[in-house]
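What the coordinates show
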Amino acid sequence: MTELVKIATRGLYKIFGRNPSRYIELVRDGVGKQELMAKYNHVLALSDMNLDIPANRIFVVMGLSGSGKSVLIRHFNRIVEPTLGSVEIDGRDVLALDQGELRDLRRKHISMVFQRVALMPHRTALENVAYGLSVRGVPATEAHAQAVDWIRRVDMAGYEDYFPAQMSGGMQQRIGIARALATEAEILLMDEPYSALDPLIRTDMQDMLLRLQGELKRTIVFITHDLDEALRLGDGIAILRDGEVVQQGDPQSIVTTPSNDFVGEFVRDIDRGKVIKVGSIMSPLNGARSEVKLTDDTLLEDALVTLAQDGARAARVVDSAGKGVGFVELSDVVAAMRPPDVAEIQPSK
Ligand SMILES: Nc1ncnc2c1ncn2[C@@H]1O[C@H](COP(=O)(O)OP(=O)(O)OP(=O)(O)O)[C@@H](O)[C@H]1O
Ligand SMILES: [Mg+2]
């Protein structure tokens, strides 16, 4: 399955310091972040980053503090310039854009949401959302109507006339998201938008994003520290460490086949029943029979419930068209939900 790539980075390096280009060769020869800092007082923020971010999906960038997440996405609209390498959006080299095209990219094609939304304090929720539309030339009455609609879509109807100071952090964040979505930019960069929110509100906000994305199908790059959040939201996930991509894949592959101990440690305690789907653990059908049917995209925890309710020891697995594609036994489901021993994880390359 080939997917349309929206944002691509090729051999992207970012070094901060007095003379970054001087150290590129050293880094390419294998000098890492710690050594570059200790010996040369330069910060290796991104190292040979090659990412294909698919269109119309949620792509999560995950990693510890300082791993390069924010620096990476700031390259997409050229808030940060690379030391070496390229960034393409829709196949166009972002570094080759002239001033006018760059302004267009930032205003029309990319919008951003941060951990702390900076709403304009002296404007109401409605005015904050409408502002971005007016800047783009949408007439006032139209901007107003669209802003009302976006506020409704983020479940904030009734708060149109509230000022930021009158709203909680979570409410402000919703307005910030409405403002970002209202511009109709096809790329949404979200830099830890939910990290400051308490867990229940955070889950609500994740649900909202998934619901909106179900209709909108924007290209969303979502940064988080939190693996649960990454697995829940991401169609694809890239895990960064010290400016390098250590693994890239869908949530299931990250949980089931971590590429090294670093990722393995991360995923060890994850609730596998909420991530792994029946289709990835089934065995061939081979004429096996069962009254119970499960679709291949059923999560293991849901499969367990179905099997238990029916008192069944196995189920036939069918695809979305209802065609039989495999077979799973209760014992396979239970085994797949058990966390692996770290020793089982493949050594890093
Ligand atoms: N303007 C800058 N000057 C010097 N170093 C910088 C600059 N911006 C970022 N860095 C460094 O680049 C590295 C990556 O930073 P980045 O902000 O991308 O991390 P992050 O993964 O977003 O972390 P966090 O989760 O804490 O936000 C860090 O070592 C950071 O200190
Ligand atoms: Mg950051």
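Just so it is clear, the model here is predicted, and its values are computed rather than measured.

Calculation notes
Residues numbered from 1 in each chain as written. Chains lettered and ligands numbered in written order. Predicted model: local features only at pLDDT ≥ 70, side-chain atom pairs only at ≥ 80, totals over all residues. Helix = DSSP H or I, 4+ residues; strand = E, 2+ residues; numbered from the N terminus. Buried ≥ 20, exposed ≤ 12 C-beta atoms within 10 Å, placed from the backbone. Contact = placed C-beta atoms within 7 Å. pLDDT = per-residue confidence, 0-100. Pairing = 2+ DSSP bridges. Axes fitted to C-alpha atoms, helices over the stretch in contact; angles between N-to-C directions. Near = placed C-beta within 6 Å. Nonpolar A, V, L, I, M, F, W, Y, C, P; charged D, E, K, R; others polar. Parallel < 35°, antiparallel > 145°, perpendicular 65-115°, else oblique. Left-handed = near helix turned anticlockwise from the far one by under 90°.

As for the overall build of the protein chain
A tally of regular secondary structure across the protein chain gives 13 helices and 13 strands. Counting only C-alpha atoms, the protein chain reaches 65 × 55 × 35 Å along its principal axes. A burial count over the protein chain gives 37% of its 349 residues as buried. By sequence separation, contacts in the protein chain at least 24 residues apart represent 66% of the contacts at least 6 residues apart.

Things to note about the environment of Val27
Along the polypeptide, Val27 turns up in helix H1 (residues 24–28). Ignoring any residue separated from it by four or fewer positions in sequence, one finds Val27 in contact with Tyr13, Ile15, Leu36, Leu44 and Ser47.

Focus: the confidence of the model for the protein chain
For the protein chain, the average pLDDT comes to 92, and 97% of its residues sit at 70 or higher. Of all the helices and strands in the protein chain, helix H11 (residues 261–267) carries the lowest mean pLDDT, 88, while strand E8 (residues 219–224) carries the highest, 98.

Concerning the sheet that holds strand E11 (residues 293–295)
Reading across the sheet, the three strands line up as E11-E12-E13 and stay open at both edges, with mixed pairing between neighbours. Two strands close off the open sheet at either side, each with one partner strand: E11 and strand E13 (324–329). Strand-to-strand, the axes of this sheet are offset by a mean angle of 35 degrees, without reference to chain direction. Note that strand E12 (residues 314–318) and E13 share five bridges and pair antiparallel. Residue pairing in the sheet places Arg316 in a bridge with Phe327 of E13. Strand contacts of helix H13 (residues 330–337): E12 and E13, with the helix running at about 75 degrees to E13, the strand carrying the most contacts.

Thoughts on the site of ligand 1
Close to ligand 1 lie Phe16, Val43, Ala45, Gly63, Ser65, Gly66, Ser67, Gly68, Lys69, Ser70, Val71 and His225. Here the element with the most residues in the shell around ligand 1 is helix H3 (residues 69–76); it accounts for three residues. For the shell around ligand 1, the residue count by class is four nonpolar, seven polar and one charged.

Quick notes on helix H5 (residues 125–135)
Within H5, burial applies to Ala125, Leu126, Asn128, Val129, Ala130, Gly132 and Leu133. Those residues of H5 that are buried lie in contact with helix H6 (140–153) and helix H7 (169–182). One or two steps after H5, the chain reaches Gly137, where phi turns positive at roughly 95 degrees.

Quick word on unusual backbone geometry
Unlike most non-glycine residues, Arg78 shows phi in positive territory, near 60 degrees. As for its position among the elements, Arg78 is in the loop between H3 and strand E4 (84–89). Taking the C-beta count within 10 Å as the criterion, Arg78 has 16 such neighbours and is therefore assigned partly exposed. With a phi close to 60 degrees, Asp155 is a non-glycine residue in the positive phi region. Examined against the element boundaries, Asp155 turns out to sit in the loop between H6 and H7. By the C-beta count within 10 Å, which is 15 here, Asp155 ends up partly exposed.

Thoughts on the pairing of strand E6 (residues 110–114)
Taking burial as the measure, the five residues of E6 include four buried ones, the bulk of the element. Note that E6 and strand E7 (residues 187–191) share five bridges and pair parallel. The residue of E7 that forms the bridge with Ser111 is Leu188.

As for the packing of H7 against helix H8 (residues 199–216)
Packing of H7 against H8 leaves a shortest axis separation of 11 Å and a crossing angle of 15 degrees. Comparing the axis directions of H7 and H8 gives the class roughly parallel. Crossing hand, H7 versus H8: right-handed. Here Gly170, Gln173 and Leu181 of H7 come into contact with H8, specifically with Ile201, Met205, Leu212 and Leu216. Broken down by class, the residue content of the contact of H7 with H8 amounts to five nonpolar, two polar and no charged.

With respect to the sheet that holds strand E5 (residues 92–93)
The antiparallel open sheet is built from four strands, whose spatial order is E2-E1-E4-E5. Two strands close off the open sheet at either side, each with one partner strand: strand E2 (43–54) and E5. As paired elements, strand E1 (residues 5–16) and E2 share eight bridges and run antiparallel to each other. Pairing of Ile7 across the sheet is with Ile53, part of E2. Against the sheet, H3 contacts E1, E2 and E4, and its axis sits at roughly 60 degrees relative to E2.

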